[in-house]
Amino acid sequence: MRRTKVMKPEEDAYGQEIWAQYNGKESFEIVERDDGYFSTSQPELYFSEYEDWSLHEKKAMEFVKGRVLDIGCGAGRHSLYLQKKGFDVLGIDKSPLAVKVCKLRGLKKAKVMSIEDINFKSSSFDTIIMMGNNFGLFGSFKKARKLLERFYGMTSENVLIIAETLDPYKTDNPAHLEYQEFNRKRGRMSGQLRIRVRFGKYATNWFDYLIVSKEEMKEILEGTGWKAREFIDSGDSSYIAIIEKVVE
Ligand SMILES: C[S@@+](CC[C@H](N)C(=O)[O-])C[C@H]1O[C@@H](n2cnc3c(N)ncnc32)[C@H](O)[C@@H]1O
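Residues numbered from 1 in each chain as written. Predicted model: local features only at pLDDT ≥ 70, side-chain atom pairs only at ≥ 80, totals over all residues. Heavy atoms only, no water.

J.: Just checking my understanding: could you explain the overall build of the protein for this structure?
T.: Along its length, the protein carries seven helices and 12 strands. Taken over C-alpha atoms, the radius of gyration comes to 17 Å for the protein, in line with the 18 Å a tight globule of 248 residues would show. When its C-alpha atoms are laid out on the principal axes, the protein stretches across 45 × 45 × 35 Å. Within the protein, the proportion of its 248 residues that are buried is 52%. Across the protein, the fraction of contacts at a sequence separation of at least 24, relative to all contacts at a separation of at least 6, is 65%. Of the roughly 12300 Å² of accessible surface on the protein, a fraction of 50% belongs to carbon and sulfur atoms. Counting 40 positive and 38 negative side-chain charges, the protein places the centres of these two groups 6 Å from one another. (Helix = DSSP H or I, 4+ residues; strand = E, 2+ residues; numbered from the N terminus. Rg over C-alpha atoms; globule rule 2.2 N^0.38 Å. Buried < 20%, exposed > 50% of the residue type's maximum accessible area, 1.4 Å probe, protein only. Contact = heavy atoms within 4.5 Å. Areas by Shrake-Rupley, 256 points an atom, 1.4 Å probe, with all protein chains shown as cover. Lys, Arg positive; Asp, Glu negative; His and termini not counted. Charge placed at Lys NZ, Arg CZ, Asp CG, Glu CD.)

J.: How should the pattern of salt bridges be read in this particular structure?
T.: A side chain with one charge may pair with a side chain of the opposite charge, provided their charged atoms come close. Enumeration according to the criterion identifies 17 salt bridges in this entry. Here Asp-126 ties to Arg-67 by a salt bridge, and the two come within 2.9 Å at their closest N and O atoms. On the criterion of sequence distance, the pair formed by Asp-126 in strand β6 (residues 125-130) and Arg-67 in strand β3 (residues 67-71) is long-range, its members being 59 residues apart. The buried category is assigned to Asp-126, whose relative accessible area is 15%. When the shortest N-O distance is used, the salt bridge between Asp-208 and Arg-194 registers 3.2 Å. Linking Asp-208 in strand β10 (residues 207-210) with Arg-194 in strand β8 (residues 192-199), this pair joins segments that are 14 residues apart in sequence. Residue classification places Arg-194 among the partly exposed positions, given a relative accessible area of 29%. (Salt bridge = Lys/Arg side-chain N within 4 Å of Asp/Glu carboxyl O.)

J.: Looking at this structure, how should I read helix α3 (residues 77-84)?
T.: Because each turn of an α-helix spans 3.6 residues, side chains separated by three or four positions in sequence point in the same direction. Within α3, seven of the eight residues are buried, leaving the element largely enclosed by the surrounding structure. All buried positions along α3 are accounted for by Arg-77, His-78, Ser-79, Leu-80, Tyr-81, Leu-82 and Gln-83. On its buried face, α3 sits against α2 (55-61), β3, β4 (88-93) and β6.

J.: Whenever I open this one, the site of the ligand confuses me. Can you help?
T.: The environment of the ligand is made up of 18 residues, and the closest members are Gly-72, Arg-77, Asp-93, Ser-114 and Ile-115. Gly-72 is positioned such that a nitrogen or oxygen atom in its backbone is 2.8 Å from a nitrogen atom of the ligand. Interatomic distance of 2.7 Å between a side-chain N/O atom of Arg-77 and an oxygen atom of the ligand. (Near = heavy atom within 4 Å. Polar contact = N/O pair within 3.5 Å; in protein donor to acceptor, adjacent residues only side chain to side chain.)

J.: Explain the sheet that holds β4 here, please?
T.: The strands making up a sheet associate through backbone hydrogen bonding, with each pair oriented either parallel or antiparallel. Taken together, the seven strands give an open sheet; going across it, the order is β5-β4-β3-β6-β7-β12-β11, and neighbouring strands pair in mixed fashion. The strands lining the two open edges of the sheet, one partner per strand, are β5 (110-112) and β11 (226-233). Averaged over all pairs of adjacent strands, the angle between strand axes in this sheet comes to 20°, irrespective of strand direction. Running at roughly 170° to β4, α3 makes contact with β3, β4 and β6 of the sheet. Here helix α4 (residues 96-104) sits on the sheet in contact with β4 and β5, set at roughly 170° to β5. (Pairing = 2+ DSSP bridges. Axes fitted to C-alpha atoms, helices over the stretch in contact; angles between N-to-C directions.)

As structure tokens, then:
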């Protein structure tokens, strides 16, 4: 397995905001897009308990079975919930500080690893979760297909991928609509966001974060050995896909 290149401390903006929140200090998240658009949010969501989760998130947890891989686990809210329920969970995250917080909060198995470096032996997992819009970590059409093919080999026959994303077209914000047009013109998917995350003086490197409609997700899955079994809607642009292996 390829070792994740250790991120420089000044790049660990996700980790620093999670660390600040964990220590009861002022914390916030800024997401900067490459057209200059900024949005802000509160990292307390990463520490929220099951009772406070949205209905579609709660429903998604009912599909979890067996050995679980939580990709981009953040402060570990899903991993910890599932571990408490008796599941064997491994949380992975690119951020060393996020992984430290997961361990301090009691997650038994947590590892610093980037999605690109995931490569476990065959049949290692029965569920993969990508929550908090982490379908986005697939980055692009091409990278998603490459990683899905790799995930095929390292999972059991009846595995499910539970992945949350946002439908980029469910917006009437002119800045987002313009950005989608800009993306299509430069040969990218409408929702292939080029972003970096900032907190205080910390900033991640720029990376691609992919948000997709259900139709686009089906196109990505086509021919990879995976298909969407069902979608759990939220009532807004957010939805969760339950993805299974295609049975020949
Ligand atoms: C939006 S947060 C979601 C956290 C968590 N899943 C939740 O719902 O609370 C995204 C997380 O993905 C992690 N991340 C970002 N890029 C990653 C990558 N290439 N590989 C693995 N994790 C990554 C970040 O460090 C962050 O903790």
